[in-house]
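Chain by chain, the residues:
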Amino acid sequence: MSTTQPLEETTIQTFSDQIHGEVLQPDDEGYDEARTIWNAMIDKEPAVIARCTGTADVMTAVDFARDLSLRLAVKGGGHNVAGTALCDDGLVIDLSPMDSVRVDPDTQTARVQAGATIGDLDHETQAFGLVTTGGIMSETGIAGLTLGGGLGYLAREYGLAHDNLRSIDVVTADGELVTASAEENPELFWGLRGGAGNFGVVTSFEFELHELGPEILNVRLMYPPDQIPDTLRFYDEFMREAPNEVGCYAAILEGSPEYGLPEELHGVTLLAFRGLYAGDVSEGKEAFRPLREFGDPITDMTQPIPYTDYQQQADDLYCAGHRNYWKSNFYDGISDGFIDTLMEYTESIPSPYSTVFFEWMGGEIAERAEDATAFPHRDKSFAFTVAPKWTDPERDDEHIRWAREFHQSLEPYAADGVYVNYLSGDESERVPEAYGERYERLHALKREWDPDNLFQTNQNIKPAD
Ligand SMILES: Cc1cc2nc3c(=O)[nH]c(=O)nc-3n(C[C@H](O)[C@H](O)[C@H](O)COP(=O)(O)OP(=O)(O)OC[C@H]3O[C@@H](n4cnc5c(N)ncnc54)[C@H](O)[C@@H]3O)c2cc1C
């Protein structure tokens, strides 16, 4: 479903008159800003961008795309590395103006519009001492993060972001608004949670919230190259025994002044842990003691800080405007072969800010029913992602090759499956891997709700025959 025919001016004008949000075409002011997303490798030119301000705009925009057989893309926070927020020639439904978050402190729930970022959610919920699982930085869109899964530091305590959903409002392919919850359209509710935008345009989410903050224990440790193998082995042991309140990720990165490191460590490959304790700060110090006492870290900047500051710590590191390419897998554990390969490929990291990162799972993610949602990887220990980041287009091949070769060399140590939210733009053949045995059920659901595959600018689940 797509057309490359130029749209008539009167057609655009009629559409523009029908919606409250801005309708942008290539010559309009604001068009380039609206088509700029996190990954600077993505340079797509939609025919029309509809900056929707509410559900009515979204319903009209879905009708417009369907009736004119336009290719359709849906943009939440614009963070997806594959660039699926945009399409060439067609219509982009840009939800970023829809960023309100309304917290009800009595029921400990939040109604979150689909253009909100994690930062928007944290800002509103923390005003009431409440939280829900978000990602590793504040600018990621709630919508894409939640619909694909939602890994985060709090996920071991509260489950994936989408495990905290009570209901979802979604505009389906026929332009109708439908609510999905455990009571209403339960199969759609199941599939939306993991199905990564395949079943409609979500306009808002209802989240359960939990008491935490304002201060939490922020754990930050760094180790020199010679301590990386043993420390990673210990990390594997530590996380398996840790209480669910412990969320702790690891990364291999190049030392730089931004991390407050002395000059002799600039350019040196280092292991970094960043973690939090979802509970009392002194209990957190006790829970993290074994990790902090292991080895001889070059820095230990562990201290209590406000939760909202914690959530913004990585914003500079993962800022927009760089070229990015990711290769990711799930793993059951950190084996010796894995460590040898890791050490080989990270001895020389191709650019400052290129990283590889471990997102340790377990806890509440694994304690939920295995088929609670369409996310099938609850039993995995961690996701591991090779994430080069650079600015010079001339160096694309070099960085992409590093990621691919590194990833391929790690394959023998990987578990099955990949996180749908971490697939790069050239990995659509891995979509079945992202769903495993869930794929057939999702196929059938796609046929029921989107038989013509209107929602296909995503990691696409094809409608079943
Ligand atoms: C710097 C960075 C940090 C990240 N950290 C984490 C992390 O900690 N944990 C984690 O789990 N993931 C993380 N991610 C991955 C992230 O979850 C995905 O990239 C996700 O798709 C981003 O959501 P978005 O709304 O910003 O994306 P967009 O690029 O706007 O959207 C991605 C896709 O989601 C779908 N979509 C978006 N909004 C809607 C909607 N309202 N209705 C229907 N479909 C929609 C569409 O198919 C769209 O193509 C991170 C990504 C980046 C770049």
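Residues numbered from 1 in each chain as written. Predicted model: local features only at pLDDT ≥ 70, side-chain atom pairs only at ≥ 80, totals over all residues. Heavy atoms only, no water.

A. Layout of the domain arrangement of the chain. Here the domain parsing of the chain yields domain 1 (9–94), domain 2 (101–211) and domain 3 (215–422). The C-alpha centroid of domain 3 is placed 25 Å from the C-alpha centroid of domain 2. Residue-level contacts link 33 residues of domain 2 with 39 residues of domain 3. For the pair domain 2 and domain 3, the summed buried surface comes to about 3,000 Å²; carbon and sulfur atoms form 57% of the total. Counting the surface domain 2 buries against domain 3, the share from its top three residues, L151, Y153 and R156, is 33%. Where domain 2 touches domain 3, the interface holds one salt bridge. (Domains from an automatic or database assignment. Contact = heavy atoms within 4.5 Å. Buried area = accessible area lost by both parts, 1.4 Å probe. Salt bridge = Lys/Arg side-chain N within 4 Å of Asp/Glu carboxyl O.)

B. Inspection of the sheet that holds strand β3 (residues 72–75) at higher detail. Sheet architecture is open: four strands sit in the order β1-β2-β4-β3, paired in mixed fashion. The sheet terminates laterally at β1 (22–24) and β3, the two strands that pair on one side only. The average undirected angle you get between the axes of adjacent strands in this sheet is 20°. Looking at chain direction, β1 and strand β2 (residues 48–51) are connected through three bridges and run antiparallel. Note on β2: the bridge partner recorded for L24 is I49. With respect to the sheet, helix α3 (residues 55–67) is in contact with β3 and β4 (91–94), its orientation differing from that of β4 by roughly 170°. (Pairing = 2+ DSSP bridges. Helix = DSSP H or I, 4+ residues; strand = E, 2+ residues; numbered from the N terminus. Axes fitted to C-alpha atoms, helices over the stretch in contact; angles between N-to-C directions.)

C. Representation of the sheet that holds strand β5 (residues 101–104) in the model. Strand order in this open sheet of five strands is β5-β6-β10-β8-β9, and the pairing throughout is antiparallel. The open sheet terminates on both sides in strands that have one partner only, identified here as β5 and β9 (177–181). Recorded for the sheet is a direction-independent mean angle of 15° between the axes of neighbouring strands. Pairing of strand β8 (residues 165–171) with strand β10 (residues 201–208) involves six bridges; the strand directions are antiparallel. Of the residues in β10, the one forming a bridge with I168 is F205. Across the face of the sheet, helix α4 (residues 118–126) comes into contact with β5 and β6 (109–113) while running at roughly 30° to β5.

D. Just the packing of helix α8 (residues 228–241) against helix α11 (residues 336–346), in detail. Where α8 contacts α11, the axes come no closer than 10 Å and their chain directions differ by 140°. Here α8 is positioned oblique relative to α11, judged by the angle of their axes. In the crossing of α8 with α11, the sense of the turn from one axis to the other is right-handed. Note on element contacts: α11 touches α8 through D336, I339, L342 and M343, opposite I228, P229, L232 and R233. (Parallel < 35°, antiparallel > 145°, perpendicular 65-115°, else oblique. Left-handed = near helix turned anticlockwise from the far one by under 90°.)

E. The UniProt feature "domain: FAD-binding PCMH-type" (unreviewed entry) in the chain, seen in detail. The feature "domain: FAD-binding PCMH-type" (unreviewed entry), as given by UniProt, occupies residues 41–212 in the numbering adopted here. End C-alpha atoms of residues 41–212 are separated by 38 Å, and the span's content is 23% helix alongside 26% strand. (UniProt positions renumbered as here; feature names shortened; annotations may be inferred.)

F. Local environment of the pattern of salt bridges. This model, assessed by the stated rule, comprises 28 salt bridges. Among the salt bridges present, the one from D63 reaches R66, with a minimum N-O distance of 3.0 Å. Placement of both D63 and R66 in helix α3 is noted, with a separation of three residues, approximately one turn of the helix. Exposure remark for R66: the relative accessible area of 26% places this residue in the partly exposed category. For E364, the salt bridge is made with R368, and the minimal N-O distance between the two is 2.8 Å. Given the relative accessible area of 27%, R368 is considered partly exposed. Three or more residues joined by partner-sharing salt bridges are found here, namely E22, R51, K75 and D94. (Buried < 20%, exposed > 50% of the residue type's maximum accessible area, 1.4 Å probe, protein only.)

G. Representation of the site of the ligand in the model. The local shell around the ligand holds 36 residues, among which G76, G78, T84, L151 and Y419 are the closest. Taking G141, its main chain carries an N or O atom lying 2.9 Å from an oxygen atom of the ligand. Y419 places a side-chain nitrogen or oxygen 2.6 Å from an oxygen atom of the ligand. Calculation on the ligand without its partners gives an accessible area of 960 Å², and the protein chains cover 98% of this total. (Near = heavy atom within 4 Å. Polar contact = N/O pair within 3.5 Å; in protein donor to acceptor, adjacent residues only side chain to side chain. Areas by Shrake-Rupley, 256 points an atom, 1.4 Å probe, with all protein chains shown as cover.)

H. A negative patch on the surface, seen in detail. On the surface, a cluster of negative charge is contributed by E9, D27, D28 and E29. Judged by relative accessible area, which is 76%, E29 ranks as exposed. (Patch = residues over 30% accessible without salt bridge, like charges linked within 9 Å, V, L, I, M, F, W, Y side chains within 5 Å. Lys, Arg positive; Asp, Glu negative; His and termini not counted. Charge placed at Lys NZ, Arg CZ, Asp CG, Glu CD.)

I. Quick look at the side chain of K75. Turning to its location among the elements, K75 is positioned in strand β3. A polar contact of 3.0 Å, which involves the side chain of K75, links it to the backbone oxygen of A34. Not counting residues within four places of it along the chain, the set of residues in contact with K75 comprises A34, T36, I37, A85, V92, I93, D94, L95 and S96.

J. Expanded view of the side chain of N460. Relative to the elements of secondary structure, N460 occurs in the segment after α15 (439–449). At 3.0 Å, the side chain of N460 and the side chain of N198 are in polar contact. Within the local environment of N460, its side chain forms a polar contact with the backbone oxygen of F455, the two atoms lying 3.2 Å apart. Excluding anything up to four places from it in sequence, N460 contacts N198, V431, Y439, K446, N453 and F455.

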